[in-house]
Amino acid sequence: GWVTAVTGRRDPAGAPCPPAERLQHVLGRAAADIDAAHLLLERAARTADAGAPTAHDVVRGPRDFSRAAELLCAAADELLRTGGASGYGVESTVARAWRDLHGAAGHFALQSETNRAAYARHVLVPAPGGSVLPLAA
């Protein structure tokens, strides 16, 4: 995996090389993006499991699914790009995850522009009676 690739590097004399500061930032950002995606998906699952979703829940779910896909793809992009040449190989778990994530993110249901527009219309278009719909927590 990625950690093995970046921690297994050696200098010309064969001594282990500590991961560069940039790699530490990449790992921190990727881990945060993955955690954020998990939280978005977990909330959507809890909302669906609770039953009787509100109109806000109905437009928030797809918006959150799209954002989770973007976050996961961004994490995979950075990890693949910084993992070294071996990370692009057919047997690479990082490359496989990258391909799977980008393939899934291309699904019509995860198109962020469409899902964000639906969410914005719901929030910004006045409700019957003329008031803008409140944001649900």
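The shown structure was predicted, so the numbers you read here are calculated from the model rather than taken from an experiment. (Residues numbered from 1 in each chain as written. Predicted model: local features only at pLDDT ≥ 70, side-chain atom pairs only at ≥ 80, totals over all residues. Heavy atoms only, no water.)

With that settled, the discussion passes to helix α5 (residues 112-124). In an α-helix, one turn spans 3.6 residues; hence positions three or four apart end up facing the same way. In this model α5 runs 18 Å from its N-terminal to its C-terminal C-alpha over 13 residues, within 8% of the 18 Å that 1.5 Å per residue would give. Where α5 is concerned, the buried positions are Ser-112, Asn-115, Tyr-119, His-122 and Val-123. Each buried residue of α5 sits inside an arc of 105° when the element is viewed along its axis, so together they form one side. Of the exposed residues in α5, the ones pointing more than 90 degrees away from its buried face are Glu-113, Arg-121 and Leu-124. Taken together, the buried residues of α5 touch α3 (55-82). (Helix = DSSP H or I, 4+ residues; strand = E, 2+ residues; numbered from the N terminus. Expected span 1.5 Å × (residues − 1). Buried < 20%, exposed > 50% of the residue type's maximum accessible area, 1.4 Å probe, protein only. Arc of directions from axis to C-beta. Contact = heavy atoms within 4.5 Å.)

Moving on: the packing of α3 against α5. Interhelical geometry of α3 versus α5 gives an angle of 150° and a closest axis separation of 9 Å. Relative to α5, the element α3 is oriented roughly antiparallel. Note on packing geometry: the crossing formed by α3 with α5 is left-handed. Every residue of α5 that contacts α3 at Ala-55, His-56, Val-59, Arg-60, Pro-62, Arg-63, Ser-66, Arg-67 and Glu-70 is listed here: Ser-112, Asn-115, Arg-116, Ala-118, Tyr-119, His-122 and Val-123. (Axes fitted to C-alpha atoms, helices over the stretch in contact; angles between N-to-C directions. Parallel < 35°, antiparallel > 145°, perpendicular 65-115°, else oblique. Left-handed = near helix turned anticlockwise from the far one by under 90°.)

On to unusual backbone geometry, then. One non-glycine residue with positive phi stands out, namely Ala-52, at about 50°. Following the sequence through the fold, Ala-52 ends up in the loop between α2 (21-50) and α3. By relative accessible area, Ala-52 is classed as exposed at 75%.

None of the figures reported here should be taken as evidence of function without further support.
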